[in-house]
Amino acid sequence: MSLVLRVDGERWRSHLLRTVRTHPGIVPVAKGNGYGLSVGRLARRAQWLADHADDTGAPVDTIAVGTYDEVEDAASRYAGDLLVLTPWRPFGAALDLDPRLASRVVHTVSRPDDLAALRERDPDARFVLEQLTSMLRHGMTRRGLAAAAATLGPGRSDRRGLSGVAMHLPLNTTSHLGEVSRLINDIVASGLPTRTVFVSHLTAAELDRLATTYPDFTIRPRIGTDLWLGDRGALTVTATVLDVHEVERGDTFGYRGRSAPKHGHIVVVSGGTAHGIGLEAPTGDQSLKARAATLARGGLDAVGFVRSPFSIDGKQRLFAEPPHMQASMLFVPSGARVPRIGEDIEVRVRFTATDFDRVVVD
Ligand SMILES: *Cc1c(COP(=O)(O)O)cnc(C)c1O
């Protein structure tokens with residue numbers, strides 16, 4: 001009756017262990033909807049990875065959460081440090097952090113002024129300084145980093161709390177190595193007393209190259225997608241067929257009372273807007289000429305039906321109308337096998353935007 005994510009537990013866990021083993025210093029990222037698995041489940045799994053350090057040879061002493069609002073959830077299931085990816089600001093959720101968790105939190109500081117403000121509020125605060133990358137999301141320029149280094153002061157106790165530098169890189173299109181090298185040079189030039197760099201989206205080959213090029217640096221990859229979702233074969237998403245109605249051409253159905261373009265079946269399946277099920281962007285040629293050609297062939301997209309993420313017998317089906325809150329109506333033209341009520345069918349989803357009714361880890 002539900003939209004279900006089924007995880008082949010053994011296969012998934014061995015992928016997790018392998019990823020940690022091949023990425024020493026990894027910081028698992030558990031944020032947002034937990035990549036479909038929930039932040040709580042990922043935090044618990046990160047603790048399990050930490051408990052398997054003998055197996056992997058990597059300690060998993062830190063995980064990353066996206067926001068301050070996610071800290072508590074993760075902290076109750078994972079015993080190590082929590083790096084917050086959203087930069088600290090002198091307002092908002094950052095200021096509501098439970099003081100009992102403060103010693104386990106590593107803040108991200110992306111503006112020199114915020115460093116002073118954070119340390120004024122909490123002299124013991126632990127933090128990473130974020131550098132601006134070609135992403136242009138958050139971070140300090142070379143000059144900003146130097147200013148932050150100056151704010152820090154020269155004494156040993158002044159440096160207390162500095163856990164490293166962070167850089168958020170775009171998804172791998174071309175090599176990141178040039179950009180990373182420039183940013184590492186900026187760290188050296190700033191005089192900051194740290195040699196730990198938290199990075200995102202570097203390939204295994206790039207990480208290897210950096211380790212040999214900068215042997216005195218510790219490069220710590222923050223990894224979410226490739227860790228939790230890296231072995232797609234371990235994950236299956238299904239929806240349940242809830243109802244089936246035969247329709248003749250001209251029969252009306254749905255919220256908008258539209259009429260069936262030809263004989264077939266309306267198949268009602270679990271999964272709707274509340275789960276993040278949306279209309280699929282048309283991928284084909286949508287020019288008028290192409291539409292006319294489909295129309296001539298009697299194609300259903302030409303009558304306004306839109307591709308859905310649901311598949312029956314490996315064939316992607318069309319929405320009979322836009323998805324409802326928790327269910328969707330598909331149109332299955334005559335000739336195709338009609339699934340029976342209670343049957344599970346496959347759904348292709350974006351995990352980071354999907355809220356499953358149930359996640360089952362075998
Ligand atoms: C989400 C995020 C990551 C992890 O990205 P994935 O593509 O899921 O591995 C790393 N760093 C930052 C700053 C992020 O926001």
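Residues numbered from 1 in each chain as written. Predicted model: local features only at pLDDT ≥ 70, side-chain atom pairs only at ≥ 80, totals over all residues. Heavy atoms only, no water.

Of the regular secondary structure elements, the protein holds 10 helices and 18 strands. Dimensions of the protein along its principal axes, counting C-alpha atoms only, are 80 × 45 × 40 Å. Taken over 362 residues, the protein has a buried fraction of 49%. Partitioning the contacts of the protein with sequence separation of at least 6, the portion at a separation of at least 24 is 67%. If you sum the accessible surface of the protein, you get close to 17400 Å²; carbon and sulfur atoms cover 50% of it. (Helix = DSSP H or I, 4+ residues; strand = E, 2+ residues; numbered from the N terminus. Buried < 20%, exposed > 50% of the residue type's maximum accessible area, 1.4 Å probe, protein only. Contact = heavy atoms within 4.5 Å. Areas by Shrake-Rupley, 256 points an atom, 1.4 Å probe, with all protein chains shown as cover.)

Here we take up the UniProt feature "domain: Alanine racemase N-terminal" (unreviewed entry) in the protein. UniProt feature "domain: Alanine racemase N-terminal" (unreviewed entry): in the numbering of this structure it lies at residues 20-171. Between the end C-alpha atoms of residues 20-171 there is a gap of 20 Å, over a span that is 30% helix and 18% strand. (UniProt positions renumbered as here; feature names shortened; annotations may be inferred.)

The next thing to look at is the site of the ligand. Around the ligand, the surrounding shell consists of Val29, Lys31, Tyr35, Leu85, Arg137, His168, Ser200, His201, Arg222, Ile223, Gly224 and Thr225. Measuring from a nitrogen atom of the ligand, one finds a side-chain N or O atom of His168 at 3.5 Å. With respect to the ligand, the side chain of His201 contributes an N or O atom lying 2.6 Å from an oxygen atom. Within the complex, the protein chains bury 89% of what would otherwise be the 380 Å² of accessible surface of the ligand. (Near = heavy atom within 4 Å. Polar contact = N/O pair within 3.5 Å; in protein donor to acceptor, adjacent residues only side chain to side chain.)

Let's shift gears to the domain arrangement of the protein. Put simply, an interface is often sized by how much accessible area is lost when its parts join up. Once the domains are mapped, the protein shows domain 1 (9-230) and domain 2 (233-361). Across the contact, 11 residues belong to domain 1 and 10 residues belong to domain 2. Each partner contributes to the roughly 870 Å² buried at the junction of domain 1 and domain 2, and carbon and sulfur atoms together form 67% of this total. For the pair domain 1 and domain 2, the interface holds zero salt bridges. Taken together, domain 1 and domain 2 are joined by four residue pairs in polar contact (both at pLDDT 80 or more). Examining the composition of the side of domain 1 that touches domain 2, we find that four residues originate from one element, helix α1 (residues 9-22), more than from any other. Counted by class, the side of domain 1 that touches domain 2 contains five nonpolar, three polar and three charged residues. (Domains from an automatic or database assignment. Buried area = accessible area lost by both parts, 1.4 Å probe. Salt bridge = Lys/Arg side-chain N within 4 Å of Asp/Glu carboxyl O. Nonpolar A, V, L, I, M, F, W, Y, C, P; charged D, E, K, R; others polar.)

Attention shifts here to unusual backbone geometry. When glycine is set aside, most residues are seen to have a negative phi, and most peptide bonds are trans. Even without being glycine, Val60 reaches a positive phi, approximately 45°. Residue placement: Val60 occurs in the loop between α3 (53-56) and β3 (62-65). Non-glycine residue Leu136 carries a positive phi angle of around 55°. Structurally, the position occupied by Leu136 is in the loop between β6 (126-131) and α6 (142-152).

Summarising the element assignment, Thr252 is placed in strand β11 (residues 252-253). Among the residues examined, Thr252 registers a relative accessible area of 57% and is labelled exposed.

So, about the pairing of strand β9 (residues 218-223). Taking burial as the measure, the six residues of β9 include five buried ones, the bulk of the element. Summarising the sheet, strand β2 (residues 27-28) and β9 pair through two bridges and their orientation is parallel. Following the sheet pairing, Pro28 is matched in β9 by Ile223. Read from strand β8 (residues 196-200) through helix α8 (residues 204-213) to β9, the crossover connection turns out right-handed. (Pairing = 2+ DSSP bridges. Right-handed = clockwise from strand over helix to strand, strands pointing away.)

Right, let's get into the sheet that holds strand β5 (residues 105-109). Read across the sheet, eight strands follow the order β2-β9-β8-β7-β6-β5-β4-β3 without closing on themselves; strand pairing throughout is parallel. Edge strands, defined here as strands with exactly one partner in the open sheet, are β2 and β3.

To continue, consider the side chain of Glu321. Looking at where Glu321 falls in the secondary structure, it is placed in the loop between β15 (315-319) and β16 (327-333). A relative accessible area of 3% means that Glu321 is categorised as buried. Of the polar contacts made by the side chain of Glu321, one reaches the backbone nitrogen of Tyr255; its length is 2.9 Å. In terms of polar contacts, Glu321 uses its side chain to reach the side chain of His324, at 2.6 Å.

Once that is clear, we can look at the packing of aromatic side chains. Within the structure shown, the criterion is met by five aromatic pairs. Measuring from ring centre to ring centre gives 6.0 Å for Tyr214 and Phe217, while their planes differ by 80°; the resulting arrangement is edge-to-face. Of the two residues, Tyr214 and Phe217, neither departs from the other in class, the shared state being buried. Between Arg45 and the ring centre of Trp48, over which it is positioned, the NZ or CZ distance is 4.8 Å. (Phe/Tyr/Trp six-rings, centres within 6.5 Å; stacked < 30°, edge-to-face > 60°. Lys NZ or Arg CZ within 6 Å of the ring centre and 35° of its normal.)

A separate point is the pattern of salt bridges. Pairing between side chains of opposite charge can happen when the charged atoms of each approach one another. Counted under the stated rule, the structure contains 14 salt bridges. Of the charged contacts in the structure, one is a salt bridge between Arg256 and Glu321, with a shortest N-O distance of 3.3 Å. Of the two residues, Arg256 is situated in the loop between β11 and β12 (258-259) and Glu321 in the loop between β15 and β16; the sequence distance between them amounts to 65 residues. Taking relative accessible area as the criterion, Arg256 reaches 59% and is therefore assigned exposed.

Along the chain, the position of Asp231 falls in the loop between α9 (225-228) and β10 (235-247). Of note is the side chain of Asp231, whose polar atom sits 2.9 Å from the side chain of Arg11. Not counting the four nearest positions on each side in its chain, Asp231 is found in contact with Arg11 and His15.

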